[in-house]
Amino acid sequence: MERRVLPQARRGTARATPLHKLALGASVVLGLVAAAPLSAQAAAPAACAALQEKYPDWKGKTLVNAINPHTPGYETIDPKNPSKYIGFDIDLGEAIGECLGFKLTYKPVTFAALLTTLAAGQADIVISDIYATKERAKAADFITYLKVFDGVLVAKGNPKGINGINMSMCGAAAAENTGYVEVPLIQALIPECKKAGKAEPTIQLYDNNANCIQAILAGRADTYVNDVNTVDSAVKAYPDKLEKAIAVTIPYSVGIAVPKDKPKFRDAVLAALIEVQKAGTHMELLKKHGLDVNNFKEPDILTAD
């Protein structure tokens with residue numbers, strides 16, 4: 001399923017600094033995008049009719065989904081048609097919306113602005129490959145829907161010998177998105193590197209995955225740690241220049257974020273997601289977009305409480 005969008009969001013620039021000097025501020029929010037209604041890939045499960053009766057507040061409504069559309073396989077601008085969004089999260093959101101009777105439009109923002117956009121009331125939901133953590137749950141409630149496996153992207157041949165978020169990163173430059181959970185994990189290496197008499201890792205902050213990958217291609221960064229599907233996609237696109245050093249386990253799940261003051265909406269989205277999974281749509285979409293089916297997980301709710 002696809003949605004119409006405006007031209008690609010403005011890309012940010014990066015600044016390499018020692019991690020202890022980083023300031024992870026919110027990024028600029030970009031323009032709201034409307035979408036023409038499209039037919040769902042498959043009919044909504046029969047149980048969805050009962051959900052629309054139980055949760056009538058959103059039936060017939062148009063809601064805004066804040067996304068960072070630079071993650072191939074999940075949400076990105078269609079390379080064949082720059083006026084459309086494509087990806088697993090786009091399709092999954094459409095299926096949930098059809099189940100509850102609402103349609104989605106999209107607000108493209110930088111990754112760091114996803115939750116602030118939601119909290120400011122400029123979006124109703126965030127379905128954008130965002131890891132659900134207790135810290136982030138202070139800003140939004142989450143309905144988890146995917147397991148997390150990270151990959152460590154490096155230049156071909158892995159000249160720095162990086163083999164995980166560990167001491168092999170001492171003295172290395174890591175490209176990451178502003179607000180990513182991997183940032184504090186790398187930051188935690190600073191005292192260990194110092195204790196071992198090694199150079200501190202540095203980080204370059206970008207607004208999207210594409211710029212992180214380009215940093216390695218340009219020789220500005222040594223590594224990029226992110227969702228393994230994103231890393232595998234980058235290696236597939238540049239097989240002569242990039243490789244995956246290793247896959248690492250990150251103790252998080254991917255979640256759909258909803259406002260903390262709307263528990264009824266949270267419960268409605270959870271119920272719809274359960275029905276979408278029962279219908280087999282979730283698994284079909286993972287396969288459709290080339291994502292590992294082992295990422296599938298039954299949904300849970302994560303809150304700060």
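Residues numbered from 1 in each chain as written. Predicted model: local features only at pLDDT ≥ 70, side-chain atom pairs only at ≥ 80, totals over all residues. Heavy atoms only, no water.

- If you look the chain up in an unreviewed UniProt entry, it shows as ABC transporter substrate-binding protein from Bradyrhizobium symbiodeficiens.
- In UniProt, the chain has this text filed under Subcellular location (unreviewed entry): "Cell envelope".
- The record held by UniProt for the chain lists under Sequence similarities (unreviewed entry) the comment "Belongs to the bacterial solute-binding protein 3 family." (UniProt positions renumbered as here; feature names shortened; annotations may be inferred.)

**A closer look at the layout of surface pockets**
At step 1: Here the largest pocket is characterised by a volume of approximately 730 Å³.
At step 2: What lines the largest pocket is a set of 28 residues, among which Thr-71, Pro-72, Gly-73, Thr-76 and Ser-233 lie closest to the centre.
At step 3: Contributing elements (two or more residues each) for the lining of the largest pocket: strand S4 (70–71), strand S5 (75–77), helix H6 (209–217) and helix H7 (228–237).
At step 4: When the residues that make up the lining of the largest pocket are grouped by side-chain class, the tally is 11 nonpolar, 12 polar and 5 charged.
At step 5: Both domains that furnish three or more residues to the lining of the largest pocket are identified here as domain 1 (46–148 + 252–302) and domain 2 (149–250). (1 Å grid on protein atoms, 1.4 Å probe; cavity = no way out; pocket = protein on both sides within 12 Å on 5 of 7 lines; lining within 4 Å. Points joined across faces, edges and corners; volume = space filled by probe spheres on them. Helix = DSSP H or I, 4+ residues; strand = E, 2+ residues; numbered from the N terminus. Nonpolar A, V, L, I, M, F, W, Y, C, P; charged D, E, K, R; others polar. Domains from an automatic or database assignment.)

**With respect to the confidence of the model for the chain**
At step 1: Confidence in the prediction of the chain, expressed as mean pLDDT, is 87, and 85% of residues score 70 or more.
At step 2: Note that residues 1–43 has pLDDT below 50 and, in this model, 122 contacts with residues that lie over four places away or in other chains. (pLDDT = per-residue confidence, 0-100. Contact = heavy atoms within 4.5 Å.)

**With respect to the pattern of salt bridges**
At step 1: Enumeration according to the criterion identifies 11 salt bridges in this entry.
At step 2: Between Asp-141 and Lys-260 there is a salt bridge whose closest N-O contact spans 3.2 Å. Here Asp-141, found in strand S9 (residues 141–155), pairs with Lys-260, found in the loop between strand S13 (242–258) and helix H8 (263–278); they are 119 residues apart in sequence, far enough to count as distant.
At step 3: Across the pair Asp-222 and Lys-160 runs a salt bridge whose closest N-O atoms are separated by 3.1 Å. Taken together, the residues span a long stretch of sequence, with Asp-222 in the loop between H6 and strand S12 (223–227) and Lys-160 in the loop between S9 and strand S10 (173–177) at a distance of 62 residues.
At step 4: On the accessibility criterion, Lys-160 (45% relative accessible area) is partly exposed.
At step 5: What emerges from the salt-bridge pattern is a single network uniting Asp-141, Lys-260, Arg-266 and Asp-267. (Salt bridge = Lys/Arg side-chain N within 4 Å of Asp/Glu carboxyl O. Buried < 20%, exposed > 50% of the residue type's maximum accessible area, 1.4 Å probe, protein only.)

**Some thoughts on empty space enclosed by the protein**
At step 1: Applying the stated criterion across every chain, the model contains 3 cavities of 30 Å³ or more.
At step 2: By volume, the second largest cavity is sized at about 50 Å³.
At step 3: As for the second largest cavity, its lining consists of Phe-111, Asp-129, Tyr-131, Arg-136, Tyr-180, Val-181, Glu-182 and Asn-226.
At step 4: Looking at the lining of the second largest cavity, its residues break down into 4 nonpolar, 1 polar and 3 charged.
At step 5: Among the domains, domain 1 (46–148 + 252–302) and domain 2 (149–250) are the pair contributing at least three residues each to the lining of the second largest cavity.

**Comments concerning the state of the cysteines**
At step 1: On inspection of all chains with the given rule, the structure shows 2 disulfides.
At step 2: Between the sulfur atoms of Cys-48 and its disulfide partner Cys-99 the distance amounts to 1.9 Å. Because the torsion about its S-S bond is -95°, the bridge between Cys-48 and Cys-99 counts as left-handed. In this pair, Cys-48 sits in helix H1 (residues 47–54) while Cys-99 sits in helix H2 (residues 88–100), placing the two residues 51 residues apart along the sequence.
At step 3: Given a relative accessible area of 0%, Cys-99 falls into the buried group.
At step 4: Bridging Cys-170 to Cys-193, the disulfide has an S-S length of 2.0 Å. Taking the sign of the torsion about the S-S bond as the criterion, the disulfide between Cys-170 and Cys-193, at about -90°, is left-handed. (Disulfide = S-S within 2.5 Å.)

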